[in-house]
Amino acid sequence: MKQRIDGVTPPYDPESERELRRWMPPGVTQEPLMLFKVLQRHPDLASRMRTLGAGLLVHGRLSDADRELVIARVAARCGCAYEWGVHMAAYAEASGLGQERIPLTATGTPADPAWTPRQGALLGAVDELHDAARLSDDAWTALRAHLDEIEALEFLVLAGWYRTIAYVANGLEIEQEPWARAFPEG
């Protein structure tokens, strides 16, 4: 399988270098993600996407643990090994998911005893959105038992955003980052 659109390659022109570094967290010296290098082929689109992505990742109201659980589940349900692997390698441990629950983001159920009621509500809501593009009253009630109105709204945007990212990564068959976590089997 060959990636369908190549990312920009070093040496980057000065504008691309600046924009690619803006995607990466401050102080990170590793090469920008392939997803970002591909998006940089369309600088205007990349700039607009970076604003929302960074806002959700760095300035959101959801806790790091909630955010990463939602991202992992959306990526897993979309079969997006690229985004799942990047986030689980970069953020899962720091957000408190723990080694035993990381694979469960892809293979477990919301009712799994490894999850707290809050985590189960988040996972159940992601699953319903993935399957039906809407939430039942029961899923909404479970979600709202743990999230206030603003957090619930952010949850919906976060889940939709990472579905968009999954479409881009899967649609373009973006190559896995060499350091990313392997997607769990079955």
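Residues numbered from 1 in each chain as written. Predicted model: local features only at pLDDT ≥ 70, side-chain atom pairs only at ≥ 80, totals over all residues. Heavy atoms only, no water.

Student: Describe the pattern of salt bridges, with residues and values.
Tutor: One pass over the full model with this rule turns up 15 salt bridges. The residue Glu 19 makes a salt bridge to Arg 50 at a minimum N-O spacing of 2.7 Å. Placement of Glu 19 in helix H1 (residues 14-23) and of Arg 50 in helix H3 (residues 43-58) is noted, with a sequence separation of 31 residues between them. Accessibility assignment for this pair places Glu 19 and Arg 50 in one class, buried. Put simply, Arg 18, Glu 19, Arg 22 and Arg 50 are held in one network by salt bridges that share partners. (Salt bridge = Lys/Arg side-chain N within 4 Å of Asp/Glu carboxyl O. Helix = DSSP H or I, 4+ residues; strand = E, 2+ residues; numbered from the N terminus. Buried < 20%, exposed > 50% of the residue type's maximum accessible area, 1.4 Å probe, protein only.)

Student: Before we move on, could you go through the UniProt feature "domain: Carboxymuconolactone decarboxylase-like" (unreviewed entry) in the protein chain and cite the residues and values that matter?
Tutor: The UniProt feature table records "domain: Carboxymuconolactone decarboxylase-like" (unreviewed entry) at residues 43-122. Here residues 43-122 is 62% helix and 0% strand, with 33 Å between the C-alpha atoms at its ends. (UniProt positions renumbered as here; feature names shortened; annotations may be inferred.)

Student: Go over the packing of aromatic side chains, please, and point to the residues and values.
Tutor: Per the counting criterion, the structure on display carries two aromatic pairs. Relative to Phe 183, the ring of Trp 84 lies with its centre 5.4 Å away and its plane at 85°, an arrangement referred to as edge-to-face. One end of the pair, Trp 84, is in helix H5 (residues 81-90); the other, Phe 183, is in the segment after helix H9 (149-171), with 99 residues separating them in the sequence. In this structure Phe 183 comes out as partly exposed when scored by relative accessible area, which is 27%. The side chain of Arg 67 reaches across the aromatic face of Tyr 91, ending 5.6 Å from its centre. (Phe/Tyr/Trp six-rings, centres within 6.5 Å; stacked < 30°, edge-to-face > 60°. Lys NZ or Arg CZ within 6 Å of the ring centre and 35° of its normal.)

Student: Residues and numbers for the layout of surface pockets, please.
Tutor: Estimates place the volume of the largest pocket at around 680 Å³. Residue lining of the largest pocket: 30 residues in total, with Trp 23, Pro 25, Phe 36, Leu 57 and Tyr 91 positioned closest to the centre. Of all the secondary-structure elements, those providing two or more residues to the lining of the largest pocket are H1, helix H2 (34-39), H3, helix H4 (64-77), H5 and H9. The element that contributes the greatest number of residues to the lining of the largest pocket is H3, accounting for seven residues. Residue composition of the lining of the largest pocket, grouped by class: 20 nonpolar, five polar and five charged. Lining the second largest pocket, in full, are Met 1, Gly 79, Cys 80, Ala 81, Tyr 82, Ala 169, Asn 170, Glu 173, Ile 174, Glu 175 and Gln 176. (1 Å grid on protein atoms, 1.4 Å probe; cavity = no way out; pocket = protein on both sides within 12 Å on 5 of 7 lines; lining within 4 Å. Points joined across faces, edges and corners; volume = space filled by probe spheres on them. Nonpolar A, V, L, I, M, F, W, Y, C, P; charged D, E, K, R; others polar.)

Student: I'd like a rundown of the nonpolar core, residues and numbers included.
Tutor: Counting residues in hydrophobic clusters, the biggest one holds 52 residues, and the most contacted among them are Val 70, Tyr 82, Phe 155 and Ile 174. Of all elements in the fold, only H1, H2, H3, H4, H5, helix H7 (117-132) and H9 reach the threshold of two or more residues within this core. Broken down by element, the residue count for this core peaks at nine residues, all from H9. (Core = buried A, V, L, I, M, F, W, Y, C linked by side-chain atoms within 4.5 Å.)

Student: Outline the packing of H7 against H9, listing residues and values.
Tutor: Contact pair H7 / H9: the axes reach a minimum separation of 11 Å and the direction vectors enclose 55°. When the interaxial angle is binned, H7 and H9 end up oblique. By crossing handedness, the relation of H7 to H9 is classed as right-handed. Every residue of H9 that contacts H7 at Leu 122, Ala 125, Val 126, Leu 129 and His 130 is listed here: Phe 155, Leu 156, Ala 159 and Arg 163. Each residue belonging to the contact of H7 with H9 can be placed in one class, and the counts come to seven nonpolar, one polar and one charged. (Axes fitted to C-alpha atoms, helices over the stretch in contact; angles between N-to-C directions. Parallel < 35°, antiparallel > 145°, perpendicular 65-115°, else oblique. Left-handed = near helix turned anticlockwise from the far one by under 90°. Contact = heavy atoms within 4.5 Å.)

Student: Could you give me a rundown of the environment of Tyr 162, with the residues and numbers involved?
Tutor: Among the structural elements, Tyr 162 can be located in helix H9. Between the alpha carbons of Tyr 162 and Ile 5 there is a distance of 20 Å; along the sequence they are 157 residues apart. Apart from the residues within four sequence positions on either side, Tyr 162 is in contact with Leu 57, Ile 71, Val 74, Glu 83 and His 87.

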